[in-house]
Every structure is written in structure tokens, then in C-alpha cells.
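Below are the chains, spelled out letter by letter.
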Amino acid sequence: MNEFRKVAGAITPGDSEPLWVQAVNVIHGEIEKGNLKPGARLAPERELCGQLGISRVTLRKALNHLVERGELSASHGRGWYVGRTARKKEWPSSLESFSETAARMGLRPHSTVLQARSTTASFDEAEQLGIAPGTPLFRLERVRLLDDVPIALDLNRVPLSLVPDVEKADFAAGSFYEILAGAGVEPVRADSTIEAVQADEQAAHHLGMAPGDPLLALHQLVLGARQEPLFLSTIRYAGDRYRLRTSFSRPFG
């Protein structure tokens with residue numbers, strides 16, 4: 001019998017995420033990392049409650065949610081088993097918003113807003129956006145979730161002159177791209193750079209990871225139809241929950 005006796009992850013009572021959601025994220029993370037393999041039996045509920053520091057009611061809610069998602073199965077009188085490993089979410093090579101990608105995958109997007117405020121452009125930001133240093137920017141940072149599982153930390157910086165009413169928007173459920181479209185701003189292309197980085201303490205906390213775990217950082221300068229810079233985007237994806245799909249062609253002649 002493939003039996004698993006310990007889960008590794010932090011449950012924080014004072015966190016904005018409910019305890020049962022944090023428990024889902026911890027167990028899901030163990031499945032994604034391969035520590036919990038298909039057919040493995042979880043430790044008894046009493047042990048799990050002690051390891052995670054939560055009540056049995058909270059644990060049951062988390063386990064039942066994972067059953068609904070197909071990641072666990074329950075056997076009456078025998079315990080909880082891993083049904084299958086969760087597939088990594090595959091992102092396209094086309095330019096689309098997080099919400100559009102989620103809809104295409106049949107998943108429910110959600111965001112936790114960390115900051116949504118006016119700031120000013122640094123020298124580096126100004127150079128990339130083709131504006132003067134100190135130009136007013138709107139800075140939006142969110143934790144992006146799919147079906148309540150944190151996938152990425154998303155940071156956007158856009159000149160306030162492009163979206164003057166952006167500070168009134170509700171970004172917990174709303175789409176940044178829809179706000180842009182409502183202001184007449186239409187992204188058509190993104191110059192992108194992808195690099196492997198390590199999770200700092202903030203990223204690890206919000207993504208249910210350990211500091212130093214791998215992240216994939218996607219840096220984008222998003223351009224309009226006339227190739228004018230529109231905004232900067234930095235998305236740090238949990239390395240075990242993200243896969244980029246792209247294609248390459250070889251010119252003839």
C-alpha cells in the first residue's frame with residue numbers, strides 16, 4: 001500500500017485565505033510536486049488535523065473539495081486516496097488575459113488584490129514605456145487563482161493618462177483587459193522575456209510555496225496597434241503549476 005504520512009505546508013490562521021482553502025493548496029501542492037502519488041492513501045484525519053493545525057470540520061471541507069476536483073477519492077471506512085495528479089495549466093503563445101485563458105480552460109478565475117494605487121514611473125519603467133520619469137502610473141498587484149488554487153503573482157503598471165478612471169475598478173473579480181478595452185486601449189502584441197527565479201518570502205506566502213521554490217517569471221512590454229508601449233506586466237507563476245506552449249518556424253530560402 002502506497003501510504004503517505006506527512007504533508008508539508010504552512011497554514012496561517014491570520015491569513016486572508018480561509019483555512020480550508022489553505023489546506024486545499026497544501027495538499028494540492030503535494031500532489032503537483034509528486035510527493036503524493038496516484039493511489040497513495042493520506043494519513044488518518046486525526047493525523048492530518050494535527051499536521052495542518054486545523055479542525056476536522058475544516059479538513060473535511062478541504063478534502064471534499066479536492067474530491068470534487070478529481071484529485072482525491074474517498075473510500076468509506078478506509079480513508080482518502082489520491083485519484084490522479086493534477087494536470088499543469090497550459091498557457092497559450094497568443095496574447096490573452098488571465099480571465100480569457102481561464103474561460104477557455106473551463107476554470108473559474110479569481111484574484112486577491114494586494115495593491116491597486118497611483119504611483120510614479122521609475123527611470124527603468126519610464127524608459128520601457130517611453131514616458132518621462134515621475135509620470136503618474138497605476139500599479140496593480142494581484143494573486144491570481146484558478147478554482148481557488150493560487151497560480152501566480154501578477155503586477156501591471158499602466159500610465160494613468162490611458163485609463164483615468166482605473167482606480168474606481170473592482171479588480172477582485174474584474175478583468176484588467178476589460179478595463180483597458182473600456183478606455184479604448186487595445187493590446188495587440190507583447191515583447192516577452194521568461195526567466196526562472198526563486199520564490200521570495202512574499203511570493204512563497206501568497207502561492208503556498210516554500211521560499212526558494214522555483215517560479216517562472218514572465219516579463220512583458222505590451223504594445224498597441226501602432227507599436228506604442230501601453231503597459232508593463234510581470235507575472236510570477238508557480239513553477240509546478242505552469243507550462244508555456246509556443247511554436248517556432250524555420251524560414252525557407
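Residues numbered from 1 in each chain as written. Predicted model: local features only at pLDDT ≥ 70, side-chain atom pairs only at ≥ 80, totals over all residues. Heavy atoms only, no water.

Caption draft 1: Structural view of the packing of aromatic side chains. Overall, the coordinates contain 4 aromatic pairs when judged by the stated rule. Note on phenylalanine 138 and phenylalanine 171: the rings are 5.9 Å apart at their centroids and 35° apart in plane angle, and the pair reads as tilted. Of the two residues, phenylalanine 138 sits in strand 5 (residues 136-146) while phenylalanine 171 sits in the loop between strand 6 (149-159) and helix 6 (176-182), which places them 33 residues apart along the sequence. Residue class for phenylalanine 138 comes out buried when judged on its relative accessible area of 1%. Each ring, one from phenylalanine 176 and one from phenylalanine 231, has its centre 5.1 Å from the other, and the planes form 90°; the classification is edge-to-face. With phenylalanine 176 in helix 6 and phenylalanine 231 in strand 9 (residues 229-238), this residue pair connects regions lying 55 residues apart in the sequence. Look at phenylalanine 231 and you get buried, because its relative accessible area is 1%. An aromatic cluster is built from Phe138, Phe171, Phe176, Tyr177 and Phe231, whose rings are joined through pairwise contacts. (Phe/Tyr/Trp six-rings, centres within 6.5 Å; stacked < 30°, edge-to-face > 60°. Helix = DSSP H or I, 4+ residues; strand = E, 2+ residues; numbered from the N terminus. Buried < 20%, exposed > 50% of the residue type's maximum accessible area, 1.4 Å probe, protein only.)

Caption draft 2: A look at the packing of helix 2 (residues 45-52) against helix 3 (residues 56-68). In the contact formed by helix 2 and helix 3, the axes pass within 10 Å of each other and the chain directions differ by 100°. The angle between helix 2 and helix 3 places the two elements in the roughly perpendicular class. Along its contact with helix 2, which presents Glu45, Arg46, Leu48, Cys49 and Leu52, the element helix 3 presents Arg56, Leu59 and Arg60. Tallied by class, residues from the contact of helix 2 with helix 3 come to 4 nonpolar, no polar and 4 charged. (Axes fitted to C-alpha atoms, helices over the stretch in contact; angles between N-to-C directions. Parallel < 35°, antiparallel > 145°, perpendicular 65-115°, else oblique. Contact = heavy atoms within 4.5 Å. Nonpolar A, V, L, I, M, F, W, Y, C, P; charged D, E, K, R; others polar.)

Caption draft 3: Main features of the pattern of salt bridges. According to the stated counting rule, one finds 10 salt bridges in the structure shown. Its salt-bridge partner being arginine 56, residue glutamate 45 comes within 3.4 Å of it at the nearest N-O pair. Taken as a pair, glutamate 45 in helix 2 and arginine 56 in helix 3 lie far apart in primary sequence, 11 residues in all. Of the charged contacts, one joins glutamate 125 and arginine 157 as a salt bridge, the two residues approaching to 3.7 Å between their closest N and O atoms. With a gap of 32 residues between them, glutamate 125 in helix 5 (residues 123-129) and arginine 157 in strand 6 connect regions that are remote in the sequence. (Salt bridge = Lys/Arg side-chain N within 4 Å of Asp/Glu carboxyl O.)

Caption draft 4: The arrangement of the side chain of glutamine 115 in detail. Considering the arrangement of structural elements, one finds glutamine 115 in strand 4 (residues 109-120). A polar contact of 2.7 Å, which involves the side chain of glutamine 115, links it to the side chain of arginine 117. Polar side-chain contacts of glutamine 115 include one of 2.8 Å to the side chain of glutamate 141. (Polar contact = N/O pair within 3.5 Å; in protein donor to acceptor, adjacent residues only side chain to side chain.)

Caption draft 5: The sheet that holds strand 5, seen in detail. Pairing within the open sheet is antiparallel, and its 6 strands lie in the order 4-5-6-9-8-7. The two strands at the open ends of the sheet, each matched to only one other strand, are strand 4 and strand 7 (189-198). Averaged over all adjacent pairs, the angle separating strand axes in this sheet is 15°, with direction ignored. Of the pairings in the sheet, the one linking strand 8 (residues 214-223) to strand 9 comprises 9 bridges and is antiparallel in character. Pairing of valine 222 across the sheet is with phenylalanine 231, part of strand 9. (Pairing = 2+ DSSP bridges.)

Caption draft 6: Focus on helix 1 (residues 19-33). With 15 residues, helix 1 ought to run about 21 Å at 1.5 Å a step, and its terminal C-alpha atoms sit 21 Å apart, in line with that. Of all the 15 residues making up helix 1, 13 are buried; the element is thus mostly covered by neighbouring parts of the structure. The positive-phi residue at the C-terminal boundary of helix 1 is glycine 34, with phi of around 85°. (Expected span 1.5 Å × (residues − 1).)

Caption draft 7: Up close: the pairing of strand 6. Of all 11 residues making up strand 6, 11 are buried, and the element is well covered by its neighbours. Pairing of strand 5 with strand 6 involves 10 bridges; the strand directions are antiparallel. The residue of strand 6 that forms the bridge with valine 143 is leucine 153. Here strand 5 folds back onto strand 6, and the loop between the two strands holds 2 residues, one of which, aspartate 147, carries a positive phi near 50°. Here strand 6 runs beside strand 9; their pairing, made up of 6 bridges, is antiparallel. Paired with arginine 157 across the bridge in strand 9 is leucine 232.

Function cannot be read off these values alone, since they describe shape.
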